[in-house]
Amino acid sequence: MIASESFHDFFIFAALSSFALLVFLVVNVFQKVRQTPKLRSVAILVLGDVGRSPRMMYHAESFAKLGFDTYLIGYKGSKPILSLTSLSNIRLSHLSELPPLVTRIPFILAAPIKILYQISTILYALVFDIPRPPEFIMVQNPPSIPTLALVWLVGGIMGSKVIIDWHNLGYSILALKLGQTHLLVNIAKRFEIIFGRSAYAHFFVTNAMRNHLEQEWGLIGHKAVLHDRPPSHFHQCLPLEVHKFFVRLGHLVSPSLADFLPSTSLPSESTTQFTEIPPSSTSRASALSSPSMPNLRKDRPALVVSSTSWTPDEDFGILLEALKLYESRAREVNLTNCEHSQSKHSKERQVLPRIWMVITGKGPLKDRYMAEVELLQKDWQYVRCTSLWLEAEDYPLLLGSADLGISLHSSSSALDLPMKIVDMFGCGLPVCALDFACLPELVKDGINGQVFRNASELAVHLETLLTSFPSSPALDSLRTTLQRALQVPPSAEHHIRNHEHQESADWEWGSWSENWNRVVKPLVLGDPERSG
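Parameters at a glance
- Residues numbered from 1 in each chain as written.
- Predicted model: local features only at pLDDT ≥ 70, side-chain atom pairs only at ≥ 80, totals over all residues.
- Heavy atoms only, no water.
- Core = buried A, V, L, I, M, F, W, Y, C linked by side-chain atoms within 4.5 Å.
- Buried < 20%, exposed > 50% of the residue type's maximum accessible area, 1.4 Å probe, protein only.
- Contact = heavy atoms within 4.5 Å.
- Phe/Tyr/Trp six-rings, centres within 6.5 Å; stacked < 30°, edge-to-face > 60°.
- Helix = DSSP H or I, 4+ residues; strand = E, 2+ residues; numbered from the N terminus.
- Lys NZ or Arg CZ within 6 Å of the ring centre and 35° of its normal.
- Salt bridge = Lys/Arg side-chain N within 4 Å of Asp/Glu carboxyl O.

**Q** Before we move on, can you summarise the nonpolar core with the specific residues and values?
**A** Of all hydrophobic cores here, the largest spans 70 residues; its most connected members are F63, F203, L303, V305 and W356. With sequence-adjacent residues up to four places away left out, L303 is seen in contact with F246, F274, W356, V358, L398, S401, A402, D403 and L404.

Below, the structure written as structure tokens:
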């Protein structure tokens, strides 16, 4: 009897508490609806780690520099770019993570709880955590569920203009796991069409994506292509920057690399594996002159970098097989050259250099592939492969110090372009990229990079570009094209000419700020006719 009364009292308490919470939510929503959106304000929603969403961070930075009150909403994780914490009109609003207890219950129960939890936290961030309704709500797609529906709902209720930034198609990523004909894939596609079809503005990462969605889905709203570009701090590093970077990076170099990389002297600040400061002269004139600047070492290995999410849509096996082929070819070519050099009584000079392959990123397949790498490279003489995780401020320094980049990205929709190539180009770094449908919008084969379709082709490119390193004519030619493009801002006439002649050697680039101010700025300032 006592237990029954206790349960009755608890039920009444829970009901009254729920009713009070409902009244609170209704009153607050009603107050928000009565408010007009605040001009020059934007909420940017990322259903992921903010620090690992570079494009959305760059959007936030650009809005803030334009004078907008900017609210960047997403999960806490990697360290964001410096401007997000230094600009006074940017506010980071972190979504709360799912309670750990939920991850321990069966998936069939955890899945709906996770979705409901995401819905509640996103709604709270958009409706209650922002003082007044923003003029714009920008959402990254994918993921599509539940963000597109929530932004559509909140935008409609509060009068905010919705902007969808199309990075890819959410259902196409799900299809990689379940197959194109799976029921859930079809449901996800319908969801994406219904809630993504209409918005104030749609931005796309490629022309191919814009054309496809216009024709197939009949998008409603302003539509513009905003190609990815890195911010201004991405650049090719000078020898001094390379030197300082590797002095700091020294603790990340594993002991297994000690015999592979060039030796360093003590103190370590004078020599790294890639740079050296010439010894100072003992003369009085030299003592009065400025300190010696570091040079790149002639005996350094080729630094080749790749960034991967270690997921099935990036086949690391292609790179692994290509490195096997390069190892075999380097042994053959360098042995032949060594024998020829000895017969001529001349000093040996390696034709193909050693490669230090550095891979950045995290993901589910990392441990599997790196375990395979460790077994293979025990017998390798010319190749070492290392996985590193770098902070946001160190990533452009690695790219700016590297000699060649590799992209294994194969688009799930064949409509997006890999941000990693954009970052590499921003640092003046030539790229070998896996071929797919719209890659020519970014990589011009033989002009700013090389395109491959399999491991054999990638191995051939590695040999061609790295022969006679560090003085490789083929690699220097690609880098010269990149440097020339980065130095010349594209005019409107140049922009049009390049779109008319996509395969031309006149390759368009431009910075993120230039592109954003040309495409996005007119739309958000109420002059859509100027956007192009």
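**Q** For the packing of aromatic side chains, give the residues involved together with the corresponding values.
**A** Each aromatic ring pair is described using two quantities: the centre-to-centre distance and the angle formed by the ring planes. Scanning all chains against the criterion turns up 15 aromatic pairs. Summarising the aromatic geometry, the rings of F63 and F68 are spaced 5.2 Å apart at their centres and angled 65° between planes, so their arrangement reads as edge-to-face. For the pair F63 and F68, one class covers both residues: buried. Ring centres 5.9 Å apart and planes at 25° place the aromatic pair F274 and W356 in the stacked group. Taken as a pair, F274 in the loop between α9 (239-249) and β8 (275-276) and W356 in strand β11 (residues 355-360) lie far apart in primary sequence, 82 residues in all. Using a relative accessible area of 2% as the deciding quantity, one classes F274 as buried. When its relative accessible area of 2% is taken as the criterion, W356 is described as buried. Taken together, the ring pairs in this structure connect F63, F68, F136, Y200 and W516 into an aromatic cluster. When the ring centre of Y200 is taken as reference, the NZ or CZ atom of K161 above it lies at 4.9 Å. A cation over an aromatic ring shows up here: R354 above the ring of F260, its NZ or CZ 5.7 Å from the ring centre.

**Q** Please set out the pattern of salt bridges residue by residue, giving values where relevant.
**A** Per the stated rule, a full pass over the model turns up 16 salt bridges. Residue R91 pairs with D129 through a salt bridge whose shortest N-O separation is 3.0 Å. Highlighted residues: R91 in strand β3 (residues 90-95) and D129 in the loop between α4 (107-128) and β4 (134-141), separated in sequence by 38 residues. Of the residues examined, R91 reaches a relative accessible area of 35% and is grouped as partly exposed. E321 is paired through a salt bridge with K324; the nearest N and O atoms lie 3.7 Å apart.

**Q** Please provide a residue-by-residue account of the environment of I359, values included.
**A** Along the chain, the position of I359 falls in strand β11. The spacing of I359 and S307 is 52 residues in sequence and 5.5 Å in space, taken between C-alpha atoms. Dropping the residues within four chain positions of it, I359 is found in contact with S306, T308, W310, F316, L319, C385, T386, S387 and L388.

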